[in-house]
Amino acid sequence: MDRLASLSTRLERIVPPDSSLGVRAQAHLDQLTKPQGSLGRLEELASKLVEMSGKEPPTANRPVIFTLAGDHGVVAEGVSAYPQIVTAQMVENFLRGGAGINVLARHAGARVVVADFGVANPLPSHPDLVVKKVAPGTQNFARGPAMSLDQALEAIDAGWDLVEGERSRGLDLIGTGEMGIGNTTPASAITAVITGAPVESVTGKGTGIDEVALQKKAATIRQGIELNQPDPRDGLDVLAKVGGFEIGGLAGVILAGAAHRIPVVVDGFIAASAALIAVTLKPEVGHFLIASHRSAEPGHDAILRHLGLTPYLDLRMRLGEGTGAALAFTLIRAAIRIYTEMATFKSAGVSEKQE
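Keep in mind that this is a model prediction, so the values were computed, not measured. In this numbering scheme, every chain counts its residues from 1 along its sequence in written order. Residue-level local features of this predicted model are given only where pLDDT is at least 70; pairs of side-chain atoms are given and counted only at 80 or more, and the full residue set underlies all totals for whole chains, interfaces and linings. Note: side-chain values were computed over all heavy atoms of the structure, leaving out hydrogens and water.

(A) Summary view of the overall build of the protein. We count a stretch as a helix when DSSP gives it H or I for four or more residues in a row; a strand needs E for two or more, and each element gets its number in order from the N terminus. Looking only at helices and strands, the protein has 14 helices and six strands in total. Here the radius of gyration uses the C-alpha set of atoms, whereas the globule reference equals 2.2 Å times the residue count to the power 0.38. For 355 residues, the compact-globule formula gives about 20 Å, and the C-alpha radius of gyration of the protein, at 20 Å, lands near that figure. Its C-alpha atoms give the protein principal-axis dimensions of about 70 × 40 × 40 Å. Burial status across the protein gives 57% buried among its 355 residues. Across the protein, the fraction of contacts at a sequence separation of at least 24, relative to all contacts at a separation of at least 6, is 77%. Surface exposure of the protein reaches about 14,400 Å², of which carbon and sulfur atoms provide 51%. Only protein chains enter the accessibility calculation, which uses a 1.4 Å probe; a residue is then buried when its area is under 20% of its type maximum, exposed when over 50%, and partly exposed in between. Note on definitions: a residue-residue contact is assigned when non-hydrogen atoms from the two residues lie within 4.5 Å. Reported accessibility uses the Shrake-Rupley method at a 1.4 Å probe radius. Residues are deemed covered only where the shown protein chains occlude them.

Here you go:
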C-alpha cells in the first residue's frame, strides 16, 4: 500500500468522541463538595479528559512529550537570529537533559521522546535519540516547495509511528514539542494559508530578530506562498509547499493520538501549526486537542481562534520544545486528582445547596 492510501486508511480510524461521557463527567463533578462550577476550568479540563479518552476516571500515568527536530532551507533568507547549527546543538542538550523541556518534564513527571526528523548537521548516535530523518533539512520554500509530497507523507507516517511505539509502554497523555531554527517562518506560512489571516499579522520575531529582519521575514513568507500556491483545504499540500519535517511529524503524532483517543496537549505556535495541518486533514481531530498556553508569537492567536481552543495558561512564553505542554500536564494531573479524590456531598455527609 502506498503512503497516501495508508494515511487515508489511518484517518478513517479518527471519529468524534461520545459527548455524553463529558456530560456524565460533569454530573460527577457537580456532586463533589464544592459549589457547582467553583473550580472553573479545572472542572472543564477533567470533563474533557473523560470525553476524549473514554476513561472514567481519566488517567495521566504515562505522559510523553514528543520533541521533534528539523531544519529549514528558508533560513538562507535571513529569517532567524541564530545559525542553523543551533538545532543540532539543542538536540544534544535535550539528550543531556539540560534544556527547558527536560527541566519542566521532570517537574511534570513526563518522559521526553527526542526525534531527529530532519536536522541538517550531523548528530552523534545516542541511545535516547530516535532517528526519523526524512532529509537533512527542507528546501527553501521562498524558491520552491519545502519538500515533496512523498516526504510530507513520510514525516506524518513517522510521527504516527512514534505514538504507536509508545502505546506499548502505556502512553495515556501526549504533549507536542519541537526544535528547529527558523521554524516560526513555516509556522507563520501555514497559519496564513489555512486561517486566511494576513501574513504580517501572524509573523513574529521568533528567536529575537530586529524590525528590519521581521519585515524581511514577512516578505519571504508572502513570496513563498505566492510562488507555491498551497491549497488551504489540503493539509498535505500546505505541509509539502511551506512546512517542515518536524511540523509534519507532529501532525502525525496528533493524528495518531486522536485515532487512539489519547488526549493531545498542544504546545505553542509551531506545535499549533502542526495541529492546523492535522485538523485540515481530518476535522474530527479537533475534539482531542487541549491548548496548553498562549504563545507570545502573534500567529498563535489566529490558530487558536481557527481551532476554537482556549488555552489554560498565558505566561508570555515562546520557547517551544514542549515547555507549555509540560506545564499543562501539571494542571491535568490536578484536574484528575480533583475528579478521583474529592469527596461527594453524600460520602462526606455534607449538606447540599438548598433549592
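(B) Structural context of the environment of K216. Along the chain, the position of K216 falls in helix α8 (residues 211–228). Judged by relative accessible area, K216 falls into the partly exposed class, the value being 38%. Between the C-alpha atom of K216 and that of G252, which follows or precedes it by 36 residues, the distance is 31 Å.

(C) Main features of the nonpolar core. Residue types Ala, Val, Leu, Ile, Met, Phe, Trp, Tyr and Cys, when buried and joined through side-chain atoms within 4.5 Å, form a set referred to as a nonpolar core. Ranked by internal contacts, the top residues of the largest apolar core, which has 116 residues, are F66, L255, V285, L289 and I332. In terms of residue count, the dominant contributor to this core is helix α11 (residues 269–281) (eleven residues). The contact partners of I332, leaving out residues within four places of it in the chain, are L45, L49, A60, L173, V265 and I290.

(D) A look at the pairing of strand β2 (residues 111–118). Of all the eight residues making up β2, seven are buried; the element is thus mostly covered by neighbouring parts of the structure. Two strands pair under a simple rule: DSSP has to find at least two bridges between them. Looking at chain direction, strand β1 (residues 63–70) and β2 are connected through seven bridges and run parallel. The residue of β2 that forms the bridge with F66 is V113. In this structure, β2 lies alongside strand β3 (residues 129–131), joined through three bridges in parallel fashion. Residue pairing in the sheet places A115 in a bridge with V130 of β3.

(E) Structural view of the packing of aromatic side chains. Two rings from Phe, Tyr or Trp (for Trp, the six-membered ring) form a pair when their centres sit within 6.5 Å of each other. Planes less than 30 degrees apart are called stacked, planes more than 60 degrees apart edge-to-face, and all others tilted. All told, the structure shown has zero aromatic pairs when counted by the stated rule. Note on geometry: a ring has a charge over it if NZ (lysine) or CZ (arginine) is within 6 Å of the ring centre and within 35 degrees of the ring normal. The cationic tip of R41 hangs over the ring face of Y312; the distance from NZ or CZ to the ring centre is 3.8 Å.

(F) Highlighting the pairing of β1. Of all eight residues that make up β1, eight are buried, and the element is covered over most of its length. Sheet topology note: the β1/strand β4 (residues 173–179) ladder contains seven bridges and is parallel. Bridging across to β4, A69 finds its partner in M179.

(G) Representation of unusual backbone geometry in the model. A cis amide bond links E56 to the next residue, P57, at an omega of 5 degrees. Tracing the chain through its elements places P57 in the loop between α3 (41–53) and β1. Although it is not a glycine, R316 adopts a positive phi angle of roughly 60 degrees. Assignment of secondary structure puts R316 in the loop between α12 (299–307) and α13 (323–341).

(H) Structural detail: the side chain of R10. In this fold, R10 is placed in helix α1 (residues 3–11). At a separation of 2.7 Å, a polar atom in the side chain of R10 contacts the side chain of D161. Among all residues touching R10, those that are not within four sequence positions of it are D157, W160 and D161. Two N or O atoms count as a polar contact when they lie within 3.5 Å, although within protein this holds only if one can serve as hydrogen donor and the other as acceptor, and sequence-adjacent residues are included solely when both atoms are side-chain atoms.

(I) Representation of the pattern of salt bridges in the model. When a carboxyl oxygen of Asp or Glu is within 4 Å of a side-chain nitrogen of Lys or Arg, the pair counts as a salt bridge. Counted by the stated rule, this structure contains 20 salt bridges. Measuring nitrogen to oxygen at the nearest pair gives 3.6 Å for the salt bridge that ties D157 to R3. Of this pair, D157 sits in helix α6 (residues 149–167) while R3 is found in helix α1, placing the two residues 154 residues apart along the sequence. With a relative accessible area of 11%, D157 lands in the buried category. On the basis of relative accessible area, R3 is assigned to the partly exposed category, the value being 31%. One salt bridge in this structure joins E77 and K216, with 3.8 Å as the shortest N-O distance. With E77 in the loop between β1 and α4 (85–96) and K216 in helix α8, this residue pair connects regions lying 139 residues apart in the sequence. Residue classification places E77 among the buried residues on the basis of a relative accessible area of 10%. Overlapping salt bridges bring together R3, R10, D150, D157 and D161 as one network.

(J) Broad picture of the sheet that holds strand β6 (residues 289–291). Taken in spatial order, the six strands of this open sheet run β3-β2-β1-β4-β5-β6, and their pairing is parallel. Both edges of this open sheet fall to β3 and β6, since each of them pairs with a single strand only. Taken pair by pair, the neighbouring strands of this sheet meet at an average axis angle of 30 degrees, ignoring direction. Of the strand pairs in this sheet, β4 and strand β5 (residues 264–266) are connected by two bridges, and their pairing is parallel. Directly across from G175, in β5, lies its bridge partner V265. A fitted line through C-alpha atoms serves as each axis, taken over the contacting stretch for helices, and the angle formed by two N-to-C directions is quoted from 0 to 180°.

(K) Looking closely at the side chain of T220. Mapped onto the secondary structure, T220 falls in helix α8. At 2.8 Å, the side chain of T220 forms a polar contact with the backbone oxygen of K216.

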